[in-house]
Structures are given as C-alpha cells and as structure tokens.
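Listed here are the chains, written in short residue letters.
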Amino acid sequence: MSNESLANLLKEERRFAPPAELAAGANVTEAAYAQASEDRLGFWAEQARRLSWAVEPTETLDWSNPPFAKWFADGKLNVAYNCVDRHVEAGHGERVAIHFEGEPGDGRSITYAELKDEVSKAANALLELGVRKGDRVAVYLPMIPEAVVAMLACARIGATHSVVFGGFSADAVASRIQDADAKLVITADGGYRRGKPSALKPAIDEALAKCPEVEHVLVVRRTGQETSFTEGRDVWWHEITERQSSEHTPEALDAEHPLFILYTSGTTGKPKGILHTSGGYLTQASYTHHAVFDLKPETDVYWCTADIGWVTGHSYIVYGPLSNGATQVIYEGTPDTPHQGRFWEVVQKYGVTILYTAPTAIRTFMKWGDDIPAKFDLSSLRVLGSVGEPINPEAWVWYREHIGAGRAPIVDTWWQTETGAMMISPLPGVTETKPGSAQRPLPGIAATVVDDNGVEVPNGSGGYLVLTEPWPSMLRTIWGDDQRYLDTYWSRFGHGYDESDPAWRYFAGDGAKKDEDGDIWLLGRVDDVMLVSGHNISTTEVESALVGHPAVAESAVVGATDATTGQAIVAFVILRGNATDSEELVAELRNHVGKTLGPIAKPKQIKVVSELPKTRSGKIMRRLLRDIAEGREVGDTTTLADSSVMNVIQSQLPGGS
Ligand code: ATP
Ligand code: MG
C-alpha cells in the first residue's frame, strides 16, 4: 500500500470526555500507561499477582525461541480455582455469579458457592468417564449455564476444551473434533431459538460417524425433546453429575498448560485452531476485564451478549468476569424473541450496569427504531462495550444516545481470537473517546501501523496494524501447525520476513490508520481493502458513509475486479423500514458517498438486498459478496449463521431467479 494508503477519508470531529464521577473512582488511571511503558514486563508480573498461584512465577516472559512465547513459565495455577473457589474462600460464596435468562423466560441465579459445587461435580464426572489431564474435550452447547460449568470443569482437571458454535453443521463440528482429536463431546438435546426448541444432538450423532476416537457424549437435558441415545457411548449430564461428590481438589497446572483451542470465525478463509494456555491468558483476560469495564464486583451487573462459541464468550463471559468475581447475566436466545425489546427488558430486569455487544447488533437495534429501547428503564447502564468489527460513527453515537442516555462511555475494543484478550481500547475513566476509533493500545500492549515495507507510518496515515511486543494472552501456535502459525502472523513484517531485522512483528491482518493524535482507527481486513484507480480505499469507510445516510440500515462493501479502474466499489445495502428501493435513491446514495468521502469512493454499483451473509458472531463475510460481485461460484459457507442467505441475496439481484 502506498502512503496515501487507506486514505484518511472520513473526518470525525466529535469528542466525549469520561464522566467525572467514573473518572474519579476508576479502577485504572492514566498512570498505568506510564508505569507499563517504563517496565512492561514488571507491569505484567504485577497483573499476574491479581491471580492466585499455587506456585508463584519468578519468570515473566521467555522469548528465547521467538515467536513461540512462554509467560510465567515456572508458575503453577488452576484456572477454575481462580474463577470460582477463591471467591468462595474470600467470603463471597453467596454472591450471584450467573443470572441465567432462558429464551422462554425461565431462569435461575447461581451463586459462586453453587457454581463451585457444580463445577466440582462435573470435574468428577469427566474423570469417571476417563478424561485426563491433556485430553481434549469438544463442547457443543446452547447458551446455558452448563456451558460455563463444562469449560471450567475441563480447566479444573487440565483437559483442553474446544468449544464449537451450537449453530454449526455436523460437518463443521466433525472437522473440528478431528483436528483437535477430542475424546469426549459435551452437548445438549437442544436449546431454545426464536421461540422453539432447536435440536443439537442429531448434529453430534451425524458428526461422530466420522469421529471414531470419541469415547463418550455427555448430554445436557435442556428442552426435553425426543433425543436418540447410543448405548454405552451417550450419558445424561444430570444422571452422572447427580451422583458425584461436590468435593474436588483442583490440580495445580503449569502456567503454559493448554487451556483451550478455538477455531477462528473463517471470514478470511479456512478456520484456524488457535491455542491458548493458562497463566498468561488468564492474567490478561482478567486485567483487561477489570480495566476496560471498570468492573466493581460488589455492585456491578455485567452482561456480555456474545455466544460462548466465540472468543468473546471465552474471555468475557467465562474467564475474565469470573476471575474477577463478577455478577453477570447469561441470555440464551435471540434479541427479538418474543419481541424486539428483549435485550432492554433484560437490562431493566437485572439492573445491568455494563453491557458488551457487537456493532452488528447495534445496527439492528437502530433499524428497529429508537422507540423500542425508550420503553425500558436503562438508567443502570454505566459502561458500554463494542467488539467484533469496526463500529461506524453513526452506530457509536446512536448506542451512546439511545442506550447510554448520552452519558455512558463507549469502549470500542479491538482484539482477535489470536490475541486472547483486548489489545486496543479506550479506558472508560481516562480516555476522551472518538466515535469509531479503538484509539490506544492498553497499558502493557505495543501496537502500531506500518506501511508495505514494515516502516511505521506517521500520524495521519494508514497501513497495516502490527503488534510489536509479545503479550501474555497471545496465541501460542495454531494447533498442530507451527508452520501455519509462522506463515500467517510472523512472516509479513519484521524478523520472520527479513532476518536482518531483529524485531518480531505480529501481523494482525487488519488495516488501520493513525490520526493526527496518534490514535488508531481500524479499517477492516487487509483482504477487504480496495484498490481503485491507484487509491487504497477501505470497505469500512465506505460502509460508514452509507450507514450515515438516513435511508440505510446496514451495508457491506467489496472491491470487484474492473477492467478500467483495477477494482470497482460494489455496495450491498439494506434499507431502513421507511425507505424504498428506487433508481433515485441509489443515485442519491452514490452522491452521498461522493460528498462524504470524495468522488473516488463513489460506489460503481449499489445493490439493495434484504440480508447480508454473516458468521454466527455477526461478522459480514465480504469474501462471499466478492464472489457474487465478480460472478464466481460462492466459496466456503460452513461458518455462515444462515446458509440460505446467499440464495436470498442472489435471487434479489438482476438476473437472479
Ligand atoms: P478468520 O481469521 O478465520 O477470518 P475472524 O478474524 O473473523 O476469522 P475473530 O478472531 O473472531 O475471527 O475476529 C477478529 C477480527 O475481528 C479482527 O481481526 C478484526 O478484523 C475484527 N475486530 C474485532 N474487534 C474489532 C474492533 N473493535 N474494531 C475493528 N475490528 C474489530
Ligand atoms: Mg482473523
């Protein structure tokens, strides 16, 4: 990319200072940045001491064999003990850990003392079924408390979990079970989605025909629907856990013991099995949850709306919040069942103070209308988080106004499955926020933006996001494929590319720019950046401009090969309820983009559709739209939330059936 790459097209001048009261009592202040930059490793060693260790580490980072890192390598701890037992031992056993809200409106609240009993029983059940330290366990569950219990039970005995989205097909499950070589699967009869029970077990039965290594299937009864059972292999969760002792001594494990494998969402290609280990991962998940959400465990009620099958569910439903002794809400279902105000009803019911969700959800709420959240009491909310995609400024401002009462700070958190925990984000009591920017690497994290040659760009320019120092929760490798780990992340810039360069640089795969203050703005995947008549234009900026028009609810932009301009901008848009598709509107939208970003960014084509292809974590799969725009057969759709969407879109386009 040239220096005018990812041209700084979008001007966003709005600024929001942190609320004075929050700033005055914040968990983390400006001083943390200085402390961490003076002594980065000392800073992380101090954060590691927020955890309880069976053997305190004396080493912080071992980077003697880069890019294979070891953090706190001579320390020993148990992750489940840190998330559960120690809170009970500290006298907080009666505190609610989980308020579970089922989609049909059922629910239960589980205290830390109860969670300790449930996790211990599940750990004993896994042992009875022959699972041992180092074995892999696949988890394929709906959003129910047993998902959390299952993950912690694995962590407690040192089994490595691999959680697979409850919505994936039998084939997707089978390939993940095979890749991780799991010997046990934990699933459920089904879960509730959109008002009815949706079966899960049949996908496991089908997948296991191809996975002869799996010895047992533990089945949680959630819906009570008719479920086939394979004698000798399948075991009901409630039957086996019921008869277990609630005593289980957590094993002290090496800091580098593998905690979990998780496959990325596959927006750019074949999913990668990302490996995370114990001590460093928990240190950063825990610290960032404490710092970025300003969590006060005595008074806050926290809610992360992610699915447990996504990394956000791992780090910010299970490990971060529970290690900090938080009280949180877990909601099973979809945001519009039985009505479009369901999320706000949940916030009101539990007095949620901290909400963490994704831009795709926020844009959906915008589309449904301001009057829906306005019917509920959202005054408890004090911090709002966003993750998963760049958040366009209009959605950011809507979130702040309509959900945060124009008062709650928004933390736009950039991170990846690979980074394990948040990396770039404002701090709610410190940062003057800018709509659409993740802004600043967190204390102890080193990130910057470089050009094609790996040279750091000056403020006001764009390029590629890189991480310039190892961090505690970094992936350790791609499961079973060290070479792919090296190739994917470390051989684009720095030492892995040019041996004369002593610095190792992690290539995140995302485009970014630094503004005049040096704050970072994420611009989407590098694969999604378009080259139009010699100018690099980011899909994110064109999408933001489109969503800034009152007729547009959502958009996805791709670059399609074009004989004259190299690439031409093709935009897919979903209109808001009150707008109708017409030639005039399309012309108006093109002009609107031209006015906002400059004539070069005007889409060549705008296609009005009713759906966009998204992964289960809500990310738009632009590569599939590029296939359509370039007239190819559409590629791998196994991680789409709804695979019929591609047919719907194709039928809505000229020439579609
Ligand atoms: P794959 O790597 O298989 O294509 P994926 O990258 O979609 O899958 P995840 O690890 O879940 O899988 O997503 C991480 C990516 O999400 C980041 O690289 C970035 O593109 C995007 N992202 C996450 N949070 C933000 C954010 N706050 N701002 C901008 N982009 C974000
Ligand atoms: Mg990725």
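Residues numbered from 1 in each chain as written. Chains lettered and ligands numbered in written order. Predicted model: local features only at pLDDT ≥ 70, side-chain atom pairs only at ≥ 80, totals over all residues. Heavy atoms only, no water.

*Asks:* Mind showing me how you'd approach a negative patch on the surface here?
*Replies:* On the surface, Glu94, Glu114, Asp117 and Glu247 cluster together into a negatively charged patch. Along the chain, aspartate 117 turns up in helix α5 (residues 112-128). Relative accessible area serves as the criterion here: at 34%, aspartate 117 is assigned to the partly exposed category. (Patch = residues over 30% accessible without salt bridge, like charges linked within 9 Å, V, L, I, M, F, W, Y side chains within 5 Å. Areas by Shrake-Rupley, 256 points an atom, 1.4 Å probe, with all protein chains shown as cover. Salt bridge = Lys/Arg side-chain N within 4 Å of Asp/Glu carboxyl O. Lys, Arg positive; Asp, Glu negative; His and termini not counted. Charge placed at Lys NZ, Arg CZ, Asp CG, Glu CD. Helix = DSSP H or I, 4+ residues; strand = E, 2+ residues; numbered from the N terminus. Buried < 20%, exposed > 50% of the residue type's maximum accessible area, 1.4 Å probe, protein only.)

*Asks:* Help me understand the sheet that holds strand β18 (residues 354-357), please; the structure alone is not making it clear to me.
*Replies:* Consider a sheet: its strands pair through backbone hydrogen bonds, and that pairing is either parallel or antiparallel. Taken in spatial order, the seven strands of this open sheet run β5-β4-β17-β16-β18-β19-β20, and their pairing is mixed. Looking along the sheet, the strands with just one partner apiece sit at the ends: β5 (107-111) and β20 (410-412). If you compare each strand with its neighbour and ignore which way they point, the axes differ by 20 degrees on average. Two elements, strand β4 (residues 96-101) and strand β17 (residues 328-331), share four bridges in a ladder whose sense is parallel. Bridge pairing in β17 places glutamate 101 opposite tyrosine 331. Relative to the sheet, helix α6 (residues 145-157) contacts β4, β5 and β17, its axis offset from that of β5 by approximately 30 degrees. (Pairing = 2+ DSSP bridges. Axes fitted to C-alpha atoms, helices over the stretch in contact; angles between N-to-C directions. Contact = heavy atoms within 4.5 Å.)

*Asks:* Where do I start with the packing of aromatic side chains in this structure?
*Replies:* Two descriptors summarise a pair of aromatic rings, namely the distance from one centre to the other and the angle between the planes of the rings. For the coordinates displayed, the defined rule picks out 34 aromatic pairs. Between phenylalanine 293 and tyrosine 316, the aromatic rings sit 6.4 Å apart at their centres with planes inclined by 80 degrees, giving edge-to-face as the arrangement. On the criterion of sequence distance, the pair formed by phenylalanine 293 in the loop between α10 (279-292) and β16 (302-304) and tyrosine 316 in helix α11 (residues 311-323) is long-range, its members being 23 residues apart. Taken as a pair, phenylalanine 293 and tyrosine 316 share a single burial class, namely buried. Ring geometry for phenylalanine 493 versus phenylalanine 507: centroids 5.7 Å apart, planes at 80 degrees, classification edge-to-face. Remark: phenylalanine 507 occurs in strand β24 (residues 506-514) and phenylalanine 493 occurs in the loop between α16 (482-490) and β24; sequence separation between them is 14 residues. With a relative accessible area of 2%, phenylalanine 493 lands in the buried category. Residue classification places phenylalanine 507 among the buried residues on the basis of a relative accessible area of 10%. An aromatic cluster is defined as three or more aromatic residues linked by ring pairs; in this entry it consists of Trp63, Phe68, Trp471, Tyr485, Tyr489, Trp490, Trp504 and Tyr506. (Phe/Tyr/Trp six-rings, centres within 6.5 Å; stacked < 30°, edge-to-face > 60°.)

*Asks:* Where do I start with the sheet that holds strand β25 (residues 520-525) in this structure?
*Replies:* Spatial strand order, β21-β22-β24-β25: four strands in an open sheet with antiparallel pairing. Each having just a single partner strand, β21 (447-450) and β25 make up the two edges of the open sheet. Across this sheet, the average inter-strand angle for adjacent strands is 45 degrees, counted without regard to direction. Bridge analysis of β21 against strand β22 (residues 462-467) gives four bridges, and the strand direction is antiparallel. Each residue of the ladder has a partner; that of threonine 448, found in β22, is valine 466. Docked against the sheet, helix α17 (residues 539-547) engages β24 and β25, running at close to 100 degrees with respect to β25.

*Asks:* Mind showing me how you'd approach the pairing of strand β9 (residues 190-193) here?
*Replies:* Every other side chain in a regular strand lies on the same face of the sheet, so the side chains alternate between the two faces. Where β9 and strand β10 (residues 196-199) come together, four bridges link them in antiparallel fashion. Counted as the bridge partner of glycine 190 is alanine 199 from β10.

*Asks:* Just checking my understanding: could you explain the pairing of strand β7 (residues 160-163) for this structure?
*Replies:* Residues of β7 alternate between two faces, with Thr160 and Ser162 on one and His161 and Val163 on the opposite face, all of them buried. Bridge count for strand β6 (residues 136-140) against β7 is four bridges, and the pairing is parallel. Considered in β7, the bridge of arginine 136 is made with threonine 160. Regarding the hand of the β-α-β motif, the stretch spanning β6, α6 and β7 is right-handed. Where β7 meets strand β14 (residues 258-263), two bridges bridge the pair, whose relative direction is parallel. (Right-handed = clockwise from strand over helix to strand, strands pointing away.)

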